[in-house]
Amino acid sequence: ERDEGKVLTVTEAPDTFEWVEPEEQVWEKGSGPQSVQTKNTGVEAIGEKSVAEGFNTKAENPYSHAEGYASKTVHDPDDPTSGYAAHAEGTGTIAKGVSSHAEGGGSLAKGADSHAEGNSSSAMGDASHAEGNWTITNNFAEHAEGTFNLSNMTSPTFGNAGNTLHSIGIGRSTGEL
């Protein structure tokens, strides 16, 4: 039964609901169609059916999700599908590729279907996975792990003899990248 002046909220998923005062609500409507965001936290849910939570996060793209601190899904105006269904979590992470996932601190998932995790790792190639500390993937389906790896791309052709497909980084500094 509706309690006048109050709003319905989920208190314990999936089936416990409670009527609370509007100012007690944690979530609010985002600016994107059917999007939600946490209240009073500097977040922005801009994309259609996007979710932004945490502090200063931004979900720019349709079906995207940004959480944590200053993480965001990014839309490239030159690529209409960029960031579509992307997920950024952690601190200062960016998910830019379609269906990409960035997590950790300062990681970037730019390639479509890519995954970057750890500290300042970058998954640049489509379907690539960079994990660890300052690891970088540049090629399709490449996997990099460890710390300060070297990724080599001589051709956009998958399997080209000059392209790195799997690297385990053992470098010592960003100067060696």
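A few points on the structure. Keep in mind the model is a prediction, meaning the values are calculated, not measured.

### A look at the overall build of the chain
Within the chain one finds zero helices and 19 strands. The buried share among the 177 residues of the chain stands at 31%. In the chain, the proportion of contacts linking residues at least 24 apart, taken out of those at least 6 apart, comes to 5%. Working note: accessible area of the chain is about 9400 Å², and carbon and sulfur atoms make up 52% of it.

### Description of unusual backbone geometry
Phi at Asn40 is positive, roughly 55°, even though this residue is not glycine. Along the chain, the position of Asn40 falls in the loop between β4 (36-38) and β5 (44-45). For Asn40, a relative accessible area of 74% translates into the label exposed.

### Quick notes on the environment of Ala86
Position of Ala86 relative to the elements: it lies in the loop between β9 (72-73) and β10 (87-91). Relative accessible area serves as the criterion here: at 1%, Ala86 is assigned to the buried category. Along the sequence, Ala86 and Ala66 sit 20 residues apart, while their C-alpha atoms lie 8.3 Å from each other. With residues near it in sequence (within four places) discarded, Ala86 still touches Tyr63, Ser64, His65, Thr73, Ala95, Gly97, Ser99 and Ser100.

### A short note on the nonpolar core
Formed by Ala86, Ala88, Ala95, Ala102, Ala109, Ala116, Ala123 and Ala130, the largest nonpolar core amounts to eight residues. Filtering out sequence-adjacent residues up to four positions away, Ala123 remains in contact with Leu108, Ala109, Lys110, Gly111, Ser114, His115, Ala116, Ser128, Ala130 and Thr137. Of all hydrophobic cores here, the second largest spans five residues; its members include Val43, Ala45, Ala59 and Ala66.

### Points about the pattern of salt bridges
For the coordinates displayed, the defined rule picks out one salt bridge. Close ionic contact of Lys58 with Glu44 constitutes a salt bridge, the shortest N to O distance being 3.7 Å. Taken together, the positions of Lys58 in strand β7 (residues 58-59) and Glu44 in strand β5 put the pair 14 residues apart, joining distant regions of the chain. Residue Lys58 is classed as partly exposed on the basis of its relative accessible area of 25%.

Cut-offs used in this document
Residues numbered from 1 in each chain as written. Predicted model: local features only at pLDDT ≥ 70, side-chain atom pairs only at ≥ 80, totals over all residues. Heavy atoms only, no water. Helix = DSSP H or I, 4+ residues; strand = E, 2+ residues; numbered from the N terminus. Buried < 20%, exposed > 50% of the residue type's maximum accessible area, 1.4 Å probe, protein only. Contact = heavy atoms within 4.5 Å. Areas by Shrake-Rupley, 256 points an atom, 1.4 Å probe, with all protein chains shown as cover. Core = buried A, V, L, I, M, F, W, Y, C linked by side-chain atoms within 4.5 Å. Salt bridge = Lys/Arg side-chain N within 4 Å of Asp/Glu carboxyl O.

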